[in-house]
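Secondary and tertiary structure notes
Residue-level listing of the chains:
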Amino acid sequence: MRRILLILVFLSFEVFPFTLTQPIPEKATKNGYVEPFQMFDDLYYVGDKWVSSYLIKTSDGLVLIDSLESPFAQWIPDNVRKLGLNPQDIKYLFITHGHSDHVGGAEFLQSMYGSKVVISYEDFLLAKEQSKDSIGKGLFKAPEVQQFTGDGAELSIGDSKFKFYLTPGHTKGCLSIDFFVKDHGRKHRAFIVGGNGTNFEGLEQAEMYVESVARITEISKQAPLVEVNLANHPKMNQLFERKNQDIPGPNPYIDAKGFTDFLSVLEARGAKKLLEEQTK
């Protein structure tokens, strides 16, 4: 049974049905296709070569984090089936931020399965803005949103609990997610930072980025330490390199130092961007 530990704000917007009309892209390396695979007992990768999409299995359905660019989201249902799971069980879509490569497929998946979308209010507005400018193969519509999450909100779905943090910077409403995954029944704390890049303009947003990285660093040090980096772009957590390690032993995705090193990269990026904006 679902229960909300911290009340989330429920709102609704009038959204008209929308169906992708472009053909499903060929599942080829040239298009960035990646065969789905299992990372933990209850966590799977269903993203592509460039953008991550993670599937979490709970005792009360499936949760999908980020939905890929339109039309590549059309790969996701088949990827879920390949893992022996049913895409009809996707109860929630968590969107880390409103750029099209993360939210572009959300409305398509929502229209297929009736999934609830969790996103920050600021980045819902960004998604609507980007959808207006989307054309051709990248055409998408912003999803219907019934839940906007506040900073520090917690949501339990079956036996899994998710905590959300608003960590603006990459966008003004980046949503970072803190939860546990299981490896052979043992729990490990996982974290997904809502946005990594500094491809934005403005001193205020640069200051937000620096402050958010510092905050995430402090949060991650609270016991138990974050051991699993679920970056929303696979190159940022060496996702495929770790998968391809032909070394018997511990799960390659469990790496507390790796997460600390990742945050150091973000810290350096933020410092560089802040200096650029200060000297303009």
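Residues numbered from 1 in each chain as written. Predicted model: local features only at pLDDT ≥ 70, side-chain atom pairs only at ≥ 80, totals over all residues. Heavy atoms only, no water.

What follows deals with the overall build of the protein. Scanning the protein from N- to C-terminus turns up seven helices and 14 strands. Here the C-alpha atoms of the protein give a radius of gyration of 18 Å, agreeing with the 19 Å that 2.2 N^0.38 yields for 280 residues. In terms of principal-axis extent, the alpha carbons of the protein reach across some 50 × 45 × 45 Å. Buried residues in the protein amount to 54% of all 280 residues. Summed over all atoms, the accessible surface of the protein reaches about 13,000 Å², with 53% contributed by carbon and sulfur. (Helix = DSSP H or I, 4+ residues; strand = E, 2+ residues; numbered from the N terminus. Rg over C-alpha atoms; globule rule 2.2 N^0.38 Å. Buried < 20%, exposed > 50% of the residue type's maximum accessible area, 1.4 Å probe, protein only. Areas by Shrake-Rupley, 256 points an atom, 1.4 Å probe, with all protein chains shown as cover.)

A few words on the side chain of N232. Along the chain, the position of N232 falls in the loop between β14 (228-229) and α6 (239-243). In this structure N232 comes out as buried when scored by relative accessible area, which is 0%. For N232, the side chain forms a polar contact with the side chain of T96, separated by 3.2 Å. Within the local environment of N232, its side chain forms a polar contact with the backbone oxygen of G194, the two atoms lying 3.0 Å apart. Contacts of N232, omitting those with residues within four sequence positions, involve V51, S52, D66, T96, H97, H102, I192, V193, G194, G195 and N196. (Polar contact = N/O pair within 3.5 Å; in protein donor to acceptor, adjacent residues only side chain to side chain. Contact = heavy atoms within 4.5 Å.)

We now examine the confidence of the model for the protein. For the protein, mean pLDDT is 92; residues scoring 70 or higher make up 92% of the total. A low-confidence stretch, residues 1-18 (pLDDT under 50), is modelled with 51 contacts involving residues beyond four sequence positions or located in other chains. (pLDDT = per-residue confidence, 0-100.)

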